[in-house]
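A closer look at the structure
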Amino acid sequence: MNISSGTTWEPTVGYSRAVRVGPYVHVSGTTATEPGGKIVGVGDAYAQAVQTLKNIQSALQKAGASMKDVVRTRIYVINIAEWEKIGKAHGEFFRDIRPATSMVQVSALISPEMLVEIEADAYLAAK
């Protein structure tokens, strides 16, 4: 099952916001965009991380999963010096879930206003 968020990048680049195959859900690199495509929290790494995680939560829900099913995240940041702000946002969503994660600095994201991009992988255990 392919999940779309409706951003303009998806058809241009040829990807889905998330893909569910059996019990696995893979959420593509996600940024702090609102439904119309505008970037939320310009200049604020914490606000961008929160919006990004809300967007991931929405994609997971569309795939029949939730944040509690997340087993791995990958966080890409423009400025690693802001790791505590970004980590605080991640902790607000995952404090009790505690997925495996990485946070790495990259030289740029697709738009210069973007400060954070996060990927997530989820596994839906049989119930």
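Look up: the structure comes first, before these words.
Residues numbered from 1 in each chain as written. Predicted model: local features only at pLDDT ≥ 70, side-chain atom pairs only at ≥ 80, totals over all residues. Heavy atoms only, no water.

1. Some remarks on the sheet that holds strand E5 (residues 100–105)
As summarised here, the arrangement of the six strands in space is E1-E2-E3-E6-E4-E5, forming an open sheet in which the pairing is mixed. The open sheet is flanked by strand E1 (2–3) and E5, the only strands paired with a single partner. By the bridge criterion, five bridges tie strand E3 (residues 24–30) to strand E6 (residues 116–123) in an arrangement that is antiparallel. When the sheet's bridge partners are listed, His26 is paired in E6 with Asp121. Its contacts with the sheet put helix H2 (residues 45–62) on E1, strand E2 (18–21), E3, strand E4 (70–77) and E6, and the angle it makes with E6 is roughly 30 degrees. Those strands touched by helix H3 (residues 83–94) are E4, E5 and E6, and its axis lies near 160 degrees from that of E4. (Pairing = 2+ DSSP bridges. Helix = DSSP H or I, 4+ residues; strand = E, 2+ residues; numbered from the N terminus. Contact = heavy atoms within 4.5 Å. Axes fitted to C-alpha atoms, helices over the stretch in contact; angles between N-to-C directions.)

2. Notes on the pairing of E3
One ladder, built from four bridges, connects E2 with E3; its direction is antiparallel. Note on E3: the bridge partner recorded for Arg20 is Val25. Between E2 and E3, which pair antiparallel in sequence order, lie two residues; one of them, Gly22, sits at a positive phi of approximately 60 degrees.

3. Digging into unusual backbone geometry
Negative phi characterises most residues that are not glycine, and trans characterises most peptide bonds. Although it is not a glycine, Arg98 sits at a positive phi angle of roughly 55 degrees. Among the structural elements, Arg98 can be located in the loop between H3 and E5. Arg98 sits in the exposed class, given a relative accessible area of 69%. (Buried < 20%, exposed > 50% of the residue type's maximum accessible area, 1.4 Å probe, protein only.)

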